[in-house]
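Remarks on the overall topology
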Amino acid sequence: MAHYQAMGSIPPKRHTQHRVPQEGRRPRQGDLYYEELMGEEGFSSDSSLLYHRYIPSTVSGAREWVVGDLATSPNQPLVPRHLKLHDLFAEQDIRTTDAVTGRRLVLGNGDVRILYVVPGQDSPWYRNAIGDECVYVERGSGRVETVFGSLEVGEGDYVVIPRATTHRWLPKRSRSNPLRLYVVEANSHIAPPKRYLSRYGQFLEHSPYCERDLRLPVGPLLAEDIGAEPEEPTNVYLKHRGTGPGGVAGTIHTLPFHPLDVVGWDGCLYPYVFNISDYEPITGRIHQPPPAHQVFEGWNFVICNFVPRKVDYHPLAIPVPYYHSNVDSDEVMFYVDGDYEARKGSGIGRGSISLHPGGHPHGPQPGAMEASLGVERFDELAVMVDTFRPLELGEAGRAADDGVYASSWSRGWGSADESDD
């Protein structure tokens, strides 16, 4: 995100002395702040400079963190699947679940993991050292506190958090409307599609959103701003590369101070929020393919969203999608709200995921094409992830599978596993 920002106290020239201007317990007046470069791709891409009160390398203790069940199993036999995410967390589970350690793996491969969590308590401080995270807020609201500042988040927000950003999630507690998070963890960076950006990183005129739509951190945010002691020992949960399932391991670092010690920062790398309601849909006289709905991309995957919109207006248009074979990708659709015309009659509803794997032609349920003729507008809200390597089922994906979705196109043709042999 090559969109320069500066916040808090920074020196006039980078990599020069920056000293504490007033007395305090520690650091003392005149002490140097500690400059940290957070940079992508080995000093060759976007970066930010953060100015810390304390040496950011300091660790007073370390122990293993067992991240959770990240084992996956192949989608075999190869079938489309309907996963019911709202069945994963009972009300009694939510009270003891946080947004970091409580994540359950739905689907994953070597490039990306899709997880789901309904947290009812504050998370520990956390840093993902494997890749960027894009967290979609399905329901509820809360606050994300980061070393760059704080972000107030709510329904429909995409929260994009760069790799190695120390942060924590604080849900607003509500029995009737708990915070529900759909988490995309990349093994790469996540950014707007390149075709929407100039070679210098500015959003172009044909982009469905722009810089004005992004919400930035409010800060700087220091320990005392949240009622904590600056020298309070703090645990930070670190997700990093390892030999565990999915190549993921966990460590807990104990710091002898609070992680909110950044007095200022500047650069083009920082967390931000984009709300799905600010996405301006691209429509046409005939049906537009999924790339018209793209909002982010990572290595070997894309994120698209389908929002309420005017649909195809050719006099002979068929507004629902045509049948298609994603020969190079698996398609994961998360149904958030509205009436998803193409899936009527399949059992899919709010909180559902459909997995349409590469090699299986998929499209509207029986009767959906005819029912869509003459429709002028779709009232639907969905988030789609397309991956270019096959997805496998995590423990949550196996637990949430309805087991019958593959037969939903077969009405009137007998059982899906019947044959003429």
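For the structure, check the block above.
Let me sum up the structure you'll find in this document. (Residues numbered from 1 in each chain as written. Predicted model: local features only at pLDDT ≥ 70, side-chain atom pairs only at ≥ 80, totals over all residues. Heavy atoms only, no water.)

1. Remarks on the overall build of the protein chain
Regarding its fold elements, the protein chain presents three helices and 27 strands. In terms of overall dimensions, the protein chain is globule-like: its C-alpha atoms have a radius of gyration of 23 Å, near the 22 Å expected for 421 residues. A principal-axis box enclosing the C-alpha atoms of the protein chain has dimensions of 80 × 45 × 40 Å. The buried share of the protein chain, taken over its 421 residues, is 53%. In the protein chain, of all internal contacts separated by at least 6 residues, the share reaching a separation of at least 24 is 75%. Accessible area of the protein chain: about 19200 Å², with a carbon and sulfur share of 49%. (Helix = DSSP H or I, 4+ residues; strand = E, 2+ residues; numbered from the N terminus. Rg over C-alpha atoms; globule rule 2.2 N^0.38 Å. Buried < 20%, exposed > 50% of the residue type's maximum accessible area, 1.4 Å probe, protein only. Contact = heavy atoms within 4.5 Å. Areas by Shrake-Rupley, 256 points an atom, 1.4 Å probe, with all protein chains shown as cover.)

2. Focus on the sheet that holds strand 5 (residues 81–84)
Sheet strands line up and pair through hydrogen bonds in the backbone, either parallel or antiparallel. Taken together, six strands build an open sheet; the order of strands is 5-24-23-26-21-20 and the sheet is antiparallel. Bordering the open sheet on either side are strand 5 and strand 20 (294–298), each of which pairs with just one other strand. Within the sheet, the average angular offset between the axes of one strand and its neighbour, ignoring direction, is 20 degrees. Here strand 5 runs beside strand 24 (residues 352–356); their pairing, made up of four bridges, is antiparallel. Following the sheet pairing, His82 is matched in strand 24 by Ser354. (Pairing = 2+ DSSP bridges. Axes fitted to C-alpha atoms, helices over the stretch in contact; angles between N-to-C directions.)

3. Quick look at the layout of surface pockets
Here the largest pocket is characterised by a volume of approximately 620 Å³. Lining the largest pocket we find 27 residues, and of these Glu40, His189, Ile190, Ala191 and Lys194 sit closest to its centre. Split by residue class, the lining of the largest pocket holds 14 nonpolar, seven polar and six charged. (1 Å grid on protein atoms, 1.4 Å probe; cavity = no way out; pocket = protein on both sides within 12 Å on 5 of 7 lines; lining within 4 Å. Points joined across faces, edges and corners; volume = space filled by probe spheres on them. Nonpolar A, V, L, I, M, F, W, Y, C, P; charged D, E, K, R; others polar.)

4. Considering the packing of aromatic side chains
Counting across every chain of the model gives 16 aromatic pairs. Here Trp65 and Tyr126 contribute two aromatic rings whose centre-to-centre distance is 6.4 Å and whose plane-to-plane angle is 85 degrees, an arrangement assigned as edge-to-face. Of the two residues, Trp65 sits in the loop between strand 4 (61–64) and strand 5 while Tyr126 sits in strand 8 (residues 125–128), which places them 61 residues apart along the sequence. On the numbers, 5.2 Å between centres and 80 degrees between planes, the contact of Trp65 with Tyr237 is edge-to-face. Of this pair, Trp65 sits in the loop between strand 4 and strand 5 while Tyr237 sits in strand 16 (residues 234–241), and the two are 172 residues apart along the sequence. (Phe/Tyr/Trp six-rings, centres within 6.5 Å; stacked < 30°, edge-to-face > 60°.)

5. Concerning the environment of Trp265
Examined against the element boundaries, Trp265 turns out to sit in strand 18 (residues 262–267). The exposure class of Trp265 is buried, given its relative accessible area of 0%. It is 44 Å that separates the C-alpha atoms of Trp265 and Pro74, two residues lying 191 residues apart in sequence. With sequence-adjacent residues up to four places away left out, Trp265 is seen in contact with Gln5, Ala6, Met7, Ile10, Ser48, Leu49, Leu50, Phe148 and Tyr270.

Read these as spatial facts, not as claims about activity.
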